[in-house]
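As a plain string of letters, each chain reads:
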Amino acid sequence: MAVDAGVAAAAALAATAALFSADETGSRPPDAVAVGILCAAAAALLLRRRRPRTALFGTVGSALVYLALDYPGGPELPVLMVAFYSVAAAGQRWETVLVVVLFGGGGAVYRAVVERESFFEITLTMALLVLAFLLGDSVSTRRRLRAEVRERLRAAAVEKELEAQTRVSSERMRIARELHDVLAHTITTMTVHAGAAADLLSDRPEQARRSLATLRASGRDAMTELRATIAVLRSGDEEPTRQSVPGLAQLDALVRGVRQAGLPVELEFRGERRKLPAAVELTVYRIVQEALTNVIRHARASRAAVCVDVAPTAVEVTVEDDGAGRPEALHQGSGLLGLGERARALGGALSAGNRPGGGFRVRATLPVPEAER
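Residues numbered from 1 in each chain as written. Predicted model: local features only at pLDDT ≥ 70, side-chain atom pairs only at ≥ 80, totals over all residues. Heavy atoms only, no water.

Enquirer: Give a detailed account of the pairing of strand 1 (residues 265–271), specifying residues and quantitative values.
Expert: As paired elements, strand 1 and strand 2 (residues 304–310) share 7 bridges and run parallel to each other. In the strand pairing of strand 2, E266 is matched with A305. In this fold, the crossover linking strand 1 to strand 2 by way of helix 9 (residues 278–299) has left-handed handedness. (Pairing = 2+ DSSP bridges. Helix = DSSP H or I, 4+ residues; strand = E, 2+ residues; numbered from the N terminus. Right-handed = clockwise from strand over helix to strand, strands pointing away.)

Enquirer: Just give me the short version of the nonpolar core, but keep the residues and values in it.
Expert: L251, V265, V284, V288, L292, V308 and V315 are the most contacted members of the largest nonpolar core, which has 33 residues in total. Secondary-structure elements contributing two or more residues to this core are helix 8 (251–260), helix 9, strand 2, strand 3 (314–321), helix 10 (334–345) and strand 5 (360–367). Ignoring anything within four residues of it in the chain, the contact list for V315 reads L276, V280, V284, V308, D309, V310, A364, T365, L366 and V368. Ranked by size, the runner-up nonpolar core spans 24 residues in total, among them A12, V60, V79 and L80. (Core = buried A, V, L, I, M, F, W, Y, C linked by side-chain atoms within 4.5 Å. Buried < 20%, exposed > 50% of the residue type's maximum accessible area, 1.4 Å probe, protein only. Contact = heavy atoms within 4.5 Å.)

Enquirer: Please provide a residue-by-residue account of the pattern of salt bridges, values included.
Expert: Opposite charge on two side chains makes pairing possible when the charged atoms of those side chains draw close. Applying the stated rule across the entire model yields 6 salt bridges. Measuring nitrogen to oxygen at the nearest pair gives 2.7 Å for the salt bridge that ties R152 to E148. Of this pair, R152 and E148 are both found in helix 6 (residues 119–200), 4 residues apart, which corresponds to roughly one turn of the helix. Taking relative accessible area as the criterion, R152 reaches 58% and is therefore assigned exposed. Owing to a relative accessible area of 36%, E148 belongs among the partly exposed residues under this scheme. (Salt bridge = Lys/Arg side-chain N within 4 Å of Asp/Glu carboxyl O.)

Enquirer: So what's going on with empty space enclosed by the protein? Which residues, and what values?
Expert: Applying the stated criterion to the full structure yields 3 cavities of 30 Å³ or more. Around the largest cavity sit 11 residues that line it, and A291, N294, V295, D321 and F360 are the ones nearest its centre. Of all the secondary structure elements, the ones that give two or more residues to the lining of the largest cavity are helix 9, strand 3 and strand 5. Among the residues forming the lining of the largest cavity, the class breakdown is 6 nonpolar, 3 polar and 2 charged. (1 Å grid on protein atoms, 1.4 Å probe; cavity = no way out; pocket = protein on both sides within 12 Å on 5 of 7 lines; lining within 4 Å. Points joined across faces, edges and corners; volume = space filled by probe spheres on them. Nonpolar A, V, L, I, M, F, W, Y, C, P; charged D, E, K, R; others polar.)

Enquirer: Outline the pairing of strand 5, listing residues and values.
Expert: Going residue by residue along strand 5, you find F360, V362, A364 and L366 tucked away on one face and R361, R363, T365 and P367 left uncovered on the opposite face. Where strand 3 meets strand 5, 8 bridges bridge the pair, whose relative direction is antiparallel. Bridge pairing links E316 to T365 in strand 5. Alignment of strand 4 (residues 349–354) against strand 5, held across 6 bridges, turns out to be antiparallel. Residue N354 lies in a different strand from strand 5, and its bridge partner there is F360. Here strand 4 hands over to strand 5 after 5 residues, with G358 in that stretch at a positive phi of 110 degrees.

Enquirer: Which residues make up the packing of helix 3 (residues 52–68) against helix 4 (residues 77–89), and what values do they have?
Expert: Helix 4 packs onto helix 3 with a crossing angle of 155 degrees between their chain directions and a minimal axis gap of 9 Å. Here helix 3 is positioned roughly antiparallel relative to helix 4, judged by the angle of their axes. Judged by the sense of rotation from one axis to the other, the crossing of helix 3 with helix 4 is left-handed. Counting all contacts with helix 3, which are made through P52, L56, T59, V60 and A63, the residues of helix 4 involved are V79, L80, A83, F84 and V87. Here the contact of helix 3 with helix 4 is built from residues that sort into 9 nonpolar, 1 polar and no charged. (Axes fitted to C-alpha atoms, helices over the stretch in contact; angles between N-to-C directions. Parallel < 35°, antiparallel > 145°, perpendicular 65-115°, else oblique. Left-handed = near helix turned anticlockwise from the far one by under 90°.)

Structure (C-alpha cells):
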C-alpha cells in the first residue's frame, strides 16, 4: 500500500504539473475541477495490485470525463500509463489491449478529425500508451517464467528426494539380504559346533550338557526368527544364493578386473591383514567396488589408488583418483547414499568429495567389534 500510495501521489503530481503547463488553444483553463478529476484518476491507482481492472476503468473513466469537459489534453497521460502498465503486469493482457485500442484509437481519430492536431502529437501519445503496455506485459511474462522455473525446481527437488528415498530403501533391502547370508552362515556354524560339543563332552557334568543344548536351541530359534523376518523383504523374489560372501580376500580379483577394464589401480594393505567380521569385510568390498565403478564411469581418471588400513580398533578404506572430480550436486549420488547407509549400519562413517589437488576421494571408517580384535 505504501508503494501504491507513492505511485498514485507521483502520478497526481505529474498530471497536475502538466495541467498547469499545458498550452492548448480553445481549451478550458485549469481549475480546481480539473485538478480534482486528475487526482481522482490517480486515486484509482491505489487498487492497481488488488483489483487492476477496477483501477484501469477508474482511470480511463476519469480521463474521459476530463477530456469531455474540454480541458487541455496531455495531463491525463501519466495516470493512464501507470494504469496500463499495472494491468498488463498483472497478467490481464487482453483487457489492456482492448482498452488501448478503443481508448487510444478512438482518441486518436477524434483528435485528428475534430481537433485537427498534428500527426506527431497523436503518434507520441499512442506510443507512450503502447510503451506502458509493453513494459507491463514484459514484467508479467518474466513473473510467469520465474514462477514456472520455481515450480519445476520444486518438482525436481521432490522427485530427487523420492528417488533418493527409493534408492536408500532398495539399498537397505540389499543390506538386509547380505546380512541374512552372513548371519545365517554364522548361526549355522554356531549350531553345528554347539551340537558337536554337546555330543562329545560326555565326561562333563550334566549341567554343562544342558547349557550346550540350550545354546543349540537358541541358535535354531534365532535362525527361524531371522528367516521369518527376511521372508517379508524377499516376498516375490527368487531364493537367495549360497555363494560365499565377498570380503578382503576378493579385493585382489576386483582390482584385477578393473585393471583389465583399462584403469590402472594400486591396491595397498596396511596394518595386520587378519580375519575381520564378515559384515565389515563385505562393506569394505562394496565400498571399493562402488568407488572404482564411479571412477570408471564418471572421473575420466588415468589412475586410482585403494588403501585398506586395518587398525586394532577400526578399518579405514580410502579410494582416490586423479580425474576431473564431480560437481557439488553429484557428491551424494544414489550409490554413495547406499554406501553411507552401509557404514552407518555398522557404526561407522563415510565421506566423499573432491580432492584439493584434483580428483575424487571416498573414505570410510568402520569399527571392529571388541570380540574380533
